[in-house]
Amino acid sequence: YRVVAGEGTRLVLENGAKILSYSAFNFLGSEENPIIISSRGQSGQGIVIMKAKDTSIIRHTIFDGLSSPNQGGWELTGAVTLYESALVMSDSQFINNRSEDALNIVRSKFALENLVFRNILADGFDSDFSNGTIKNSSFLKCGNDGLDVSGSKVQVERVLFDQIGDKALSVGEKSRVSIKKLIARNSRIAVASKDHSEVIIEEAEIEGSQIGFAVFQKKPEFGPASIRVEKLKMSNLKTTFIVEEGSRLLIDGILAL
């Protein structure tokens, strides 16, 4: 089966309602008439797509005020979660989120473009053991991390982070992330690479952060990490970088010590 919704569809989740699907979504809104999935009075939960055989396609869809699905002793971290389910998503928004992750993709392939994460309680997007791309997307006012990557390979192009409570970009558990054009403003840490992860940034602008770059090992089962950044512009940073012994930070070809 496929779960299909068209332009102007409105779904209101209330009284603990959630959506659990083992089939892919075709949610195709338009710029003039987006699909809106919201929670009434903060009483609704979220959406889970689990082990769908086909790729979900979501366009021009707004996820407003959703929280983590839970029932009978189990609870997920993502308001919208895809587990072993491929996703192509564009021109969509996650706003007023009330869960640990606004979007959590686990063991899946994904292609995300023109997304906005705004007014998020904790993390914006969390990629766990997944492979994919993120393009032309913004993370605005996230309480914890903007983009959190674990055990994944992700290619990023043109992302903006602003007002991030912890790390704008957090990369861990042997992940590989390559970035073309990163802008990070007003975060506690702009970019963190840890636990045998590698981050490569071709162009970056970082301002108003407490720490620009943090490179370290957190978990004993992994090793040191690395960051390589080119064409870096920085302003109004309390600390440019923190690099643990054994980890590496290269800024415009110069090893940071």
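Each remark here, short or long, concerns the structure printed above.
Please read all numbers here as calculations on a predicted model, not as lab measurements.

A.B. asks: I'd like a description of the overall build of the chain, backed by residues and values.
C.D. replies: A count of helices and strands for the chain gives 0 helices and 27 strands. Against the globule reference of 18 Å for 257 residues, the chain gives a C-alpha radius of gyration of 18 Å, in line with a compact fold. Seen through its C-alpha atoms, the chain measures out along the principal axes to roughly 55 × 35 × 30 Å. Looking at the chain as a whole, 50% of its 257 residues are labelled buried. Contacts in the chain between residues at least 24 apart in sequence constitute 44% of all its contacts with a sequence separation of at least 6. By element, 47% of the accessible surface of the chain is carried by carbon and sulfur atoms, the whole surface being about 11700 Å². Of the charged side chains in the chain, 30 are positive and 32 negative, and the gap between their average positions amounts to 2 Å.

A.B. asks: Explain a negative patch on the surface residue by residue, including any values.
C.D. replies: Residues Glu7, Glu31, Glu32, Asp91 and Glu113 make up a contiguous surface patch of negative charge. With respect to the helices, strands and loops of the structure, glutamate 31 is situated in the loop between strand 4 (24-28) and strand 5 (35-39). Given a relative accessible area of 65%, glutamate 31 falls into the exposed group.

A.B. asks: Report on the nonpolar core, specifying residues and quantitative values.
C.D. replies: Counting 60 residues, the largest nonpolar core has Phe125 and Leu182 as its most contacted members. Ranked by residues supplied to this core, first place goes to strand 18 (residues 153-172) with 8 residues. Among all residues touching leucine 182, those that are not within four sequence positions of it are Val159, Phe161, Leu169, Val191, Ile201, Glu203, Ala204, Glu205 and Ile206.

A.B. asks: How would you explain the pattern of salt bridges if you had to name every residue and give the values?
C.D. replies: One pass over the structure, following the stated rule, counts 12 salt bridges. The partner of aspartate 166 in a salt bridge is arginine 188, with the nearest N and O atoms 2.6 Å apart. Taken together, the positions of aspartate 166 in strand 18 and arginine 188 in strand 19 (residues 176-194) put the pair 22 residues apart, joining distant regions of the chain. Overall, the relative accessible area of 11% leaves aspartate 166 in the buried class. One salt bridge connects glutamate 173 with lysine 219, and the closest N-O pair in it is separated by 2.4 Å. Of this pair, glutamate 173 sits in the loop between strand 18 and strand 19 while lysine 219 sits in the loop between strand 22 (211-216) and strand 23 (226-229), and the two are 46 residues apart along the sequence. For glutamate 173, a relative accessible area of 19% translates into the label buried. Among the residues examined, lysine 219 registers a relative accessible area of 28% and is labelled partly exposed. Salt bridges here are not isolated pairs; linked through shared partners, they connect Asp145, Asp166, Lys167 and Arg188.

A.B. asks: Requested: an account of the packing of aromatic side chains, with residues and values cited.
C.D. replies: Evaluated as defined, the whole model comprises 6 aromatic pairs. Where phenylalanine 94 meets phenylalanine 117, the ring centres are 4.9 Å apart and the plane angle is 5 degrees; that geometry is what we call stacked. Of this pair, phenylalanine 94 sits in strand 12 (residues 87-97) while phenylalanine 117 sits in strand 14 (residues 109-120), and the two are 23 residues apart along the sequence. Phenylalanine 117 sits in the buried class, given a relative accessible area of 1%. Look at phenylalanine 110 and phenylalanine 125: their rings are 5.3 Å apart centre to centre, the planes differ by 85 degrees, and that puts the pair in the edge-to-face class. With phenylalanine 110 in strand 14 and phenylalanine 125 in strand 15 (residues 123-128), this pair connects stretches of sequence that are 15 residues apart. The same class applies to phenylalanine 110 as to phenylalanine 125, namely buried. The rings of Phe63, Phe94, Phe117, Phe139 and Phe161 are connected pair by pair, giving a single aromatic cluster.

A.B. asks: Just give me the short version of the environment of arginine 188, but keep the residues and values in it.
C.D. replies: For arginine 188, a relative accessible area of 35% translates into the label partly exposed. Through-space distance from the C-alpha of arginine 188 to that of leucine 13 is 34 Å; in sequence the pair is 175 residues apart. Here arginine 188 is in contact with Ile164, Gly165, Asp166, Ser209, Gln210 and Ile211, once residues within four sequence places are set aside. A polar atom in the side chain of arginine 188 sits 2.6 Å from the side chain of aspartate 166.

A.B. asks: Describe the pairing of strand 20 (residues 198-201), with residues and values.
C.D. replies: Each regular strand carries side chains that alternate between the two faces of the sheet. The two faces of strand 20 differ: Val199 and Ile201 on one face are buried, but Glu198 and Ile200 on the other face are not. Taken together, the 4 bridges between strand 19 and strand 20 define a ladder with parallel strand orientation. Within the sheet, the bridge partner assigned to valine 177 lies in strand 20 and is valine 199. The pairing of strand 20 with strand 23 spans 4 bridges and is classified as parallel. Directly across from isoleucine 201, in strand 23, lies its bridge partner valine 229.

Conventions adopted
- Throughout this document, residue positions are counted from 1 along each chain, in the order its sequence is written.
- Whole-chain, interface and lining totals are the exception, using all residues; otherwise, since this is a predicted model, local features are given only for residues with pLDDT of at least 70 and side-chain atom pairs are given and counted only at 80 or more.
- The side-chain values count all of the structure's non-hydrogen atoms but skip hydrogen atoms and water molecules.
- Secondary structure elements are defined from DSSP: runs of H or I of at least 4 residues count as helices, runs of E of at least 2 residues count as strands, and each element is numbered from the N terminus.
- We compute the radius of gyration over the C-alpha atoms and compare it with the globule rule, which gives 2.2 Å times the number of residues raised to the power 0.38.
- For every residue, the accessible area (1.4 Å probe, protein chains only) is compared with the maximum for its type, and the residue is labelled buried under 20%, exposed over 50%, or partly exposed between those bounds.
- Contacts: residue pairs with any heavy atoms within 4.5 Å of one another.
- Only the protein chains shown count as cover for residues, with accessible areas throughout obtained via the Shrake-Rupley method and a probe of 1.4 Å.
- The charged-residue count follows a simple rule in which Lys and Arg add positive charge and Asp and Glu add negative charge, with His and chain termini not counted at all.
- In plain terms, the charge of a residue is placed at NZ if it is Lys, CZ if Arg, CG if Asp and CD if Glu.
- Nonpolar side chains (Val, Leu, Ile, Met, Phe, Trp, Tyr) within 5 Å and like charges within 9 Å form the patches, drawn only from residues with over 30% relative accessible area and no salt bridge.
- The rule for a salt bridge is simple: a side-chain nitrogen of Lys or Arg has to be within 4 Å of a carboxyl oxygen of Asp or Glu.
- The term nonpolar core refers to a set of buried residues drawn from Ala, Val, Leu, Ile, Met, Phe, Trp, Tyr and Cys, joined through side-chain atoms within 4.5 Å.
- Any two of the Phe, Tyr and Trp rings considered here, Trp counted by its six-membered ring, make a pair once their centres fall within 6.5 Å; the pair's planes then place it as stacked at under 30 degrees, edge-to-face at over 60, or tilted in between.
- By the criterion applied in these results, polar contacts are pairs of N or O atoms within 3.5 Å in which, for protein atoms, one can donate a hydrogen and the other can accept it, and in which residues neighboring in sequence qualify only through two side-chain atoms.
- A pair of strands is considered paired only if DSSP assigns at least 2 bridges between the two.

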